[in-house]
Amino acid sequence: MEFRHLRYFLVLAEELHFGRAAQRLAISQPPLSLNIQQLEASVGARLFTRNSRGVQLTEAGLAFVPAARGLLEHAQAAARQARDVDQGLAGTLRIGFAGTMLYRGLPQILAAFHADERRLRVVLRELSSREQLVELSQGRLDLAFVHTTQVPPEVSQIRVSRQPFVACLSATHRLASRSRLGLDELVGEPLALVSRQVSPDYHEQILAACAAAGFVPDTLHELQHWLSVVSLVAQGLGVALVPQALHQSAIAGAVFVPVDGEAPTYDTYCLWKADAGRPALEAFAQAVRQVADRQA
């Protein structure tokens with residue numbers, strides 16, 4: 001049984017006339033008759049009766065109509081789905097991101113991407129940059145938003161944003177009302193930062209900035225997420241250097257003060273496998289470029 005047989009059957013079932021059915025199908029009557037015979041042989045039942053009064057559906061034929069229509073509709077839907085996936089209009093995109101992306105472009109990128117009314121299902125996973133690189137390399141992520149300069153050579157990349165680090169203090173801190181401050185003014189303060197395991201690049205950059213300012217922090221509070229760092233500082237348990245965008249977190253009790261001199265910068269990259277050959281990835285990358293250009 002072939003889909004052609006089902007299509008011929010349904011047209012003949014509607015017309016109940018070989019001549020009209022053949023005309024609709026743009027074929028001659030003999031191929032139509034042959035295809036109906038082949039279908040009946042495949043089904044193992046007579047689907048039509050033919051006599052001097054014309055063509056009529058048998059009870060088996062009447063029962064076969066909805067099934068044949070359903071099979072054709074299912075096949076057409078499957079073909080549409082395959083075309084849409086091939087053209088980047090459907091399917092699933094698995095996207096990893098670090099938490100600060102919620103304040104630095106990810107909502108805008110998703111809005112720009114869905115503005116085209118795509119039927120893609122977007123699955124978001126919050127992971128550290130290191131975890132994302134592993135997941136991307138093993139094919140469990142399609143794109144990753146990371147904060148690291150250690151990018152594998154086999155991936156495509158877009159720098160989404162660059163922002164300075166700022167001092168994060170509790171609202172009751174002696175320096176909280178300052179418009180700017182020098183890092184050397186934080187000597188002796190407990191320092192909160194993301195752990196070396198979670199973000200080795202920025203862990204080292206922050207400690208290097210403190211060393212350049214002439215001190216080594218006496219106490220380090222190492223946490224898993226930048227938002228945890230800000231929350232700890234808001235409780236008066238230390239100070240921190242954090243990406244500027246975190247001022248949008250609006251965590252009560254935390255204030256953010258620009259730093260004099262050469263503060264580290266916090267770079268965000270969007271990564272995906274360069275040889276993936278998937279239109280949906282390219283479409284999403286285009287949305288990333290649009291937002292990145294506006295933030296440049």
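All values reported here derive from a predicted model rather than from experimental measurement.

Trainee: I keep staring at empty space enclosed by the protein and nothing clicks. Help me out?
Mentor: It is the rolling of a water-molecule-sized probe over the atoms that shows where space remains empty. Evaluated as defined, the whole model comprises 1 cavity of 30 Å³ or more. Approximately 40 Å³ is the volume attributed to the largest cavity. Around the largest cavity, the lining residues are Leu 183, Leu 186, Glu 189, Leu 191, Cys 210, Phe 215, Val 239 and Leu 241. Per-class residue counts for the lining of the largest cavity are 7 nonpolar, no polar and 1 charged.

Trainee: Just to check I follow, could you spell out a nonpolar patch on the surface for this structure?
Mentor: A surface patch of nonpolar side chains, amounting to about 370 Å² of accessible area, comprises Met 1, Phe 3, Val 43 and Leu 71. By the secondary structure assignment, Met 1 is in the segment before α1 (3-15).

Trainee: Which parts of the structure should I look at to understand the pairing of strand β6 (residues 155-170)?
Mentor: In regular strands, side chains alternate between the two faces of the sheet. Where β6 lies against strand β11 (residues 265-273), 9 bridges are found, and the strand directions are antiparallel. Considered in β11, the bridge of Arg 159 is made with Tyr 269. The pairing of β6 with strand β9 (residues 239-243) spans 4 bridges and is classified as antiparallel. Counterpart to Ala 167 in the pairing with β9 is Leu 241. Pairing of β6 with strand β10 (residues 254-257) involves 4 bridges; the strand directions are antiparallel. By the bridge assignment for β10, Cys 168 is matched with Phe 256.

Trainee: Looking at this structure, how should I read the packing of aromatic side chains?
Mentor: Both the distance between ring centres and the angle between the ring planes are used here to describe each pair of aromatic rings. If you walk through the whole model with that rule in mind, you get 9 aromatic pairs. With centroids separated by 5.0 Å and ring planes inclined at 65 degrees, the aromatic side chains of Phe 113 and Phe 284 adopt a geometry described as edge-to-face. One end of the pair, Phe 113, is in helix α5 (residues 106-114); the other, Phe 284, is in helix α9 (residues 279-295), with 171 residues separating them in the sequence. As far as the burial class goes, Phe 113 and Phe 284 line up, both buried. Put simply, the rings of Phe 165, Tyr 202, Trp 226 and Tyr 266 pair up and form one aromatic cluster.

Trainee: Just to check I follow, could you spell out the environment of His 203 for this structure?
Mentor: Along the polypeptide, His 203 turns up in helix α7 (residues 200-212). Here the alpha-carbon distance between His 203 and Leu 193, two residues 10 residues apart in the chain, equals 6.9 Å. For His 203, the side chain forms a polar contact with the side chain of Glu 222, separated by 3.2 Å.

Trainee: It is not clear to me how the layout of surface pockets should be interpreted in this structure. Could you clarify?
Mentor: Size it by volume and the largest pocket reaches roughly 210 Å³. Residue composition of the lining of the largest pocket, grouped by class: 7 nonpolar, 8 polar and 1 charged.

Trainee: Sorry, what's going on with the packing of α1 against helix α3 (residues 29-43) here?
Mentor: For any two helices packed against each other, the geometry comes down to the angle between their axes and how far apart the axes lie. At a minimum axis distance of 9 Å, the contact between α1 and α3 shows a crossing angle of 110 degrees. When the axis of α1 is compared with that of α3, the two are roughly perpendicular. Crossing of α1 over α3 shows left-handed handedness. Contact with α1, carried on its side by Arg 4, His 5, Leu 6, Tyr 8, Phe 9 and Leu 12, involves Leu 32, Asn 35, Ile 36, Gln 38 and Leu 39 of α3 and no other residues of that element. Of the residues in the contact of α1 with α3, the class split is 7 nonpolar, 3 polar and 1 charged.

What counts and what doesn't
All chains use their own residue numbering, which begins from 1 and follows the written sequence. For a predicted model such as this one, the threshold for reporting local features is a pLDDT of at least 70, and the threshold for listing and counting side-chain atom pairs is 80 or more; totals across whole chains, interfaces and linings nevertheless cover every residue. Heavy atoms from the whole structure form the basis of all side-chain values; hydrogens and water molecules are not counted. Buriedness for pockets is judged along seven lines, at least five of which must meet protein on both sides within 12 Å for an open set on the 1 Å grid over protein atoms alone, while cavities are sets there where a 1.4 Å probe fits but cannot get out, and lining residues have an atom within 4 Å of a point. Grid points are joined across faces, edges and corners, and a volume is the space filled by probe spheres set on the points. Gly is placed with the polar residues, together with every amino acid not listed as nonpolar (Ala, Val, Leu, Ile, Met, Phe, Trp, Tyr, Cys and Pro) or charged (Asp, Glu, Lys and Arg). For patch detection, residues must exceed 30% relative accessible area and be free of salt bridges, and they are connected within 9 Å for like charges or within 5 Å for nonpolar side chains (Val, Leu, Ile, Met, Phe, Trp, Tyr). For every accessible area listed, the method is Shrake-Rupley and the probe measures 1.4 Å; residues are considered covered only by the protein chains on display. The term salt bridge refers to a pairing of a side-chain nitrogen on Lys or Arg with a carboxyl oxygen on Asp or Glu at a separation within 4 Å. The numbering of helices and of strands both runs from the N terminus, where a helix is a DSSP run of H or I of at least 4 residues and a strand a run of E of at least 2. Strands were regarded as paired on the criterion that DSSP finds at least two bridges between them. For Phe, Tyr and Trp, where Trp contributes only its six-membered ring, two rings pair if their centres lie within 6.5 Å, and the inter-plane angle classes them as stacked under 30 degrees, edge-to-face over 60, or tilted in between. Only protein chains enter the area calculation, which uses a 1.4 Å probe; residues under 20% of their type maximum are buried, those over 50% are exposed, and those in between are partly exposed. Counting of polar contacts relies on pairs of N or O atoms within 3.5 Å, with two restrictions inside protein: one atom must be capable of donating a hydrogen and the other of accepting it, and residues adjacent in sequence are counted only when both atoms are side-chain atoms. Throughout, an axis means a line fitted to C-alpha atoms (over the contacting stretch in the case of helices), and angles, computed between N-to-C directions, take values from 0 to 180 degrees. Roughly parallel refers to an angle under 35 degrees, roughly antiparallel to one over 145, roughly perpendicular to one between 65 and 115, and oblique to any angle outside these ranges. Here a crossing is taken to be left-handed if its near helix is turned anticlockwise relative to the far helix by less than a right angle, and right-handed if that turn runs clockwise. Contacts are assigned to residue pairs with any non-hydrogen atoms lying within 4.5 Å of each other.

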